[in-house]
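# Understanding the architecture of this molecule
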Amino acid sequence: MKRHLLFSLALASCALMHSCSKDKTPADEGEIDFELPYSKEGIAADKDFLETEGRATVKKMEALASEPAIEALQTLADLGTLDISVMDINKFGRSGQTVSGIQKMLSTVVSINSSAQELQKFSDSFGIYTYNAKTGNFDKTSSNDKIEVLFPAKKGAKSNTAKFTVTYQTNGKTIDLDGDLYEIPTAIAAGMLVDGKSAMELKAVLETHGDNMPKLAQADLSIGQYKATTNVSNESSVVKANFALLLGSDEILSVSADSKHDNLTYKKLQDLNKEYTETWDGGSYTYTEFDGHGFLELVKGSNLSFKIAGVQFLGSTDFSKLVNALPADPDYPEYPQHQYYVRMYELHKKFNEEGSITLNDYQKELAKLEQEREKLEADYKVAQATYRQEVSAIEKKYVEGEVAAFNNNMQLAIFNTVKSTKLATVKFQVAESSYSYDNNEIVQYYYDAEPVLVFGDKSQQSFDEFGDKGFGNLITDIESLLKKFER
């Protein structure tokens, strides 16, 4: 796990777009904390508990596959390209809901209104788009206040029995995404009717601070009897994010995160955009990159909770301390050159390009090089083996430093919320793998920081080892659930 992965973790913790509707996590309410005693029922019993809770959750998800909106959305996806930019809804949606998108939002917000870019508005895509079964395309007619898509609700149907509508409000603020300037909606409402009945509803609002830093994002999505609620707030140097998925009033799962930060502002983010120039023979390329290391130093205590049925995962870290505890990026030796080919290239260059040697000298040097070829081959194998040994040692030392930094600066654990016990703590260890080169004559070892489960009796298991046995019924249930979504 390298620094860019830690940056993603920090963003996920401090700006997570998925979270539960309540402001506090169960840990905040005193229900679960890292000091709870370990379960004494044994690993086999704990596995049974995890599988039982998992199967119960899968059971609650089964009805989702039968919701008319799900089938209609799958049908719409199969109908081909719908020519709606909606400020490039796909891009805007990704940028608002994924970790990489959050990174892009934070790193590009500094360029808001900084250039004469063409402004793309949501309203530019207003229109009524009707699927034409004869042509296989969508016909567009004008609309001044909405986007409306009419299409078949079922695969293979010819009649447009589904209607998807989107409206929005804005205060005129804009944001730069991937170099394009977009208008920021302050509210979005979307809904789908299937056979004239409501099948899906979405209501979302977004508020920003005076410098256009995100302040509040709230979204409520309903699909039949299912509801997903999202709330993200960024005030008083604390970001809180909550998500919950419910079936009626029964919570299926929830995620919550909070993170303190060192007063993230427009100016501080602007200063984190660093300009780099790469040069090569005949040209150069200048680009701007967000300084993830610098951002991590602004992130303080972060907490993450994921709860599904009676199982809860908790994580806590101070990213500013963690990033400073990580080892420095290693310096690797240069990969050895095969001297036979180096000298062959130079010889050809002297004769063919420079004309600095005669044909007779060229032939003599070539013959001499061929005589030395076997020795040069042997020398190259020795140099290559030495190189791979040195790289293996360097990477092992680096990963050992990573593991120490993770274990000393992160708390991760899994809990049984029904009995208020700790099932396992998550720690990291050095994992070694190898790869053979040149017909197994040369071996290079590779290393990574591998998470492992540590139980109350001090025994340890990797996640793969823990999951290999004891979850057959859960896997069968999941496979069955996935099949229900196949059409």
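Here the structure is shown first, and the text comes after it.
The paragraphs below set out a description of the structure included in this document. (Residues numbered from 1 in each chain as written. Predicted model: local features only at pLDDT ≥ 70, side-chain atom pairs only at ≥ 80, totals over all residues. Heavy atoms only, no water.)

## Quick look at the overall build of the protein chain
Stated formally: Numbering of helices and strands runs from the N terminus, with a helix taken as a DSSP run of H or I at least four residues long and a strand as a DSSP run of E at least two residues long. For each residue, the accessible area found with a 1.4 Å probe, counting protein chains only, is set against the maximum for its type, and the residue is called buried under 20%, exposed over 50%, and partly exposed in between. Residue contacts are defined here by distance: any two heavy atoms, one from each residue, within 4.5 Å place the two residues in contact. Areas reported here follow the Shrake-Rupley algorithm with a probe of radius 1.4 Å; residue values treat only the protein chains shown as occluding.
Regarding its fold elements, the protein chain presents 12 helices and 19 strands. Counting across all 487 residues of the protein chain, residues that qualify as buried make up 39%. Long-range contacts, defined as pairs at least 24 residues apart, comprise 59% of the intrachain contacts of the protein chain with a sequence gap of at least 6. Just so you have it, the protein chain exposes about 26,400 Å², and 50% of that area is on carbon and sulfur atoms.

## Side note on the side chain of Lys422
As a reminder of what qualifies: In summary, the charge assignment counts Lys and Arg as positive and Asp and Glu as negative, without counting His or the chain termini. Here, a salt bridge means any Lys or Arg side-chain nitrogen found within 4 Å of an Asp or Glu carboxyl oxygen.
Within the secondary structure, Lys422 is located in strand β17 (residues 421-437). It is Glu35 that comes nearest to the buried, bridge-free Lys422 among opposite-charge side chains, at 6.0 Å.

## Looking at the environment of Phe406
Residue position: Phe406 is located in helix α10 (residues 359-409). A relative accessible area of 0% means that Phe406 is categorised as buried. Each C-alpha atom, one on Phe406 and one on Leu326, is 8.2 Å from the other, the two residues being 80 residues apart in sequence.

## Quick look at the pairing of strand β8 (residues 214-223)
Selection rule: Here, strands pair whenever DSSP counts at least two bridges between them.
Two strands pair when backbone bridges link them, and strand β7 (residues 197-208) and β8 are joined in this way by 9 bridges, in the antiparallel orientation. What sits directly across from Glu201, in β8, is Ser222. Hairpin connection, β7 to β8: the antiparallel pair is bridged by 5 residues, and Asn212 has positive phi, about 75°. Pairing between β8 and strand β9 (residues 226-235): 8 bridges, direction antiparallel.

## Side note on the pattern of salt bridges
All told, the structure shown has 10 salt bridges when counted by the stated rule. Here Glu41 makes a salt bridge to Lys419, at a shortest N to O gap of 2.4 Å. In this pair, Glu41 is assigned in the loop between α1 (3-14) and α2 (43-61) and Lys419 in the loop between β16 (410-416) and β17, connecting sequence segments 378 residues apart. Across the salt bridge formed by Lys375 and Asp379, the nearest N and O atoms sit 2.8 Å from each other. Placement of both Lys375 and Asp379 in helix α10 is noted, with a separation of 4 residues, approximately one turn of the helix. Via salt bridges that share partners, Glu370, Arg373 and Glu377 belong to a single interconnected network.

## As for the environment of Leu366
Tracing the chain through its elements places Leu366 in helix α10. A relative accessible area of 23% means that Leu366 is categorised as partly exposed. Spatially, the C-alpha atom of Leu366 lies 7.6 Å from that of Leu347, the residues being 19 residues apart in sequence. With near-sequence residues (within four places) excluded, Leu366 lies in contact with Met344 and Leu347.

## Regarding the pairing of β7
With 8 bridges joining them, strand β6 (residues 180-194) and β7 adopt antiparallel strand pairing. Bridge pairing in β7 links Ala187 to Val205. Following β6, the chain reverses through 2 residues before pairing antiparallel with β7; Asp195 in that reversal takes a positive phi of roughly 55°.

## Concerning the packing of helix α9 (residues 339-354) against α10
To keep it simple, the criterion reads: Axis geometry follows a simple rule: fit a line to the C-alpha atoms, using only the stretch in contact for helices, then measure angles between N-to-C directions, giving values from 0 to 180 degrees. Reported orientations rely on four angle classes, namely roughly parallel under 35 degrees, roughly antiparallel over 145, roughly perpendicular from 65 to 115, and oblique for the rest. Residue classes follow a fixed rule: Ala, Val, Leu, Ile, Met, Phe, Trp, Tyr, Cys and Pro count as nonpolar, while Asp, Glu, Lys and Arg count as charged, and any other residue, Gly among them, counts as polar.
At their nearest, the axes of α9 and α10 sit 10 Å apart, and the two run at 175° to each other. Considering the angle they form, α9 stands roughly antiparallel to α10. Along its contact with α9, which presents Gln339, Tyr340, Tyr341, Arg343, Met344, Leu347, His348 and Phe351, the element α10 presents Leu359, Tyr362, Glu365, Leu366, Leu369, Glu370, Glu372, Arg373 and Leu376. Taken together, the residues of the contact of α9 with α10 sort by class into 10 nonpolar, 2 polar and 5 charged.

## Re the packing of aromatic side chains
For the record, the criterion: Classification of ring pairs uses Phe, Tyr and Trp, with its six-membered ring standing for Trp, and accepts pairs whose centres are within 6.5 Å; under 30 degrees between planes counts as stacked, over 60 as edge-to-face, and the remaining range as tilted. Ring-over charges, as used throughout, are those where CZ of Arg or NZ of Lys falls within 6 Å of the ring centre and within 35 degrees of the ring normal.
A complete count under the given rule lists 12 aromatic pairs for this structure. Residues Phe406 and Phe428 carry aromatic rings whose centres are separated by 5.0 Å and whose planes lie at 55° to one another, so their mutual orientation is tilted. With Phe406 in helix α10 and Phe428 in strand β17, this residue pair connects regions lying 22 residues apart in the sequence. Exposure remark for Phe428: the relative accessible area of 11% places this residue in the buried category. Here Arg373 stacks its cationic end above the ring of Tyr340, 4.2 Å away from the centre of that ring. Its guanidinium or amino end placed over the ring of Tyr38, Lys422 lies 4.6 Å from that ring's centre, counting from NZ or CZ.

## With respect to unusual backbone geometry
In this structure, Asp195 takes a positive phi of about 55° despite not being glycine. Checked against the element boundaries, Asp195 lands in the loop between β6 and β7. A relative accessible area of 55% places Asp195 in the exposed class. Phi is positive for Ala309, close to 55°, though the residue is something other than glycine. When you line up the elements, Ala309 lands in the loop between β14 (299-308) and β15 (311-318).

## As for the layout of surface pockets
Worth spelling out the cut-off: Two kinds of site are reported from a 1 Å grid over the protein atoms alone, namely cavities, where a 1.4 Å probe fits but cannot get out, and pockets, open sets with protein on both sides within 12 Å along at least five of seven lines, and residues are called lining when an atom falls within 4 Å of a point. Grid points are joined across faces, edges and corners, and a volume is the space filled by probe spheres set on the points.
Quantified by volume, the second largest pocket comes out at close to 590 Å³. Lining the second largest pocket are 26 residues, and of these Leu50, Gly54, Phe306, Ile308 and Leu474 lie nearest its centre. Taken together, the elements giving at least two residues each to the lining of the second largest pocket come down to α2, β14, β15, β17, α11 (463-468) and α12 (472-484). The element that contributes the greatest number of residues to the lining of the second largest pocket is α2, accounting for 7 residues. For the lining of the second largest pocket, a count of residues per class yields 20 nonpolar, 4 polar and 2 charged.

## Thoughts on the side chain of Gln444
How we decide: Polar contacts here mean pairs of N or O atoms no more than 3.5 Å apart (in protein, one a potential hydrogen donor and the other a potential acceptor; neighbouring residues in sequence count only if both atoms are side-chain atoms).
Within the fold, Gln444 resides in strand β18 (residues 442-454). Polar contacts involving the side chain of Gln444 include one to the side chain of Arg388, which spans 2.6 Å. Those residues in contact with Gln444 that lie beyond four places of it in its chain are Arg388, Val391, Ser392, Ser433, Ser434, Tyr435 and Tyr437.

## Some words on the packing of α2 against α12
What counts is decided by this rule: We call a crossing left-handed when the near helix sits turned anticlockwise from the far one by less than a right angle, and right-handed when that turn is clockwise.
At a closest axis distance of 9 Å, the pairing of α2 and α12 adopts a crossing angle of 15°. Between α2 and α12, the angle falls in the class roughly parallel. The way α2 lies across α12 gives a crossing that is left-handed. Between α2 and α12, the residues in contact are Glu51, Gly54, Arg55, Val58 and Met61 and Gly472, Asn473, Leu474, Asp477, Ile478 and Leu481, respectively. Of the residues contributing to the contact of α2 with α12, the split by class is 5 nonpolar, 3 polar and 3 charged.

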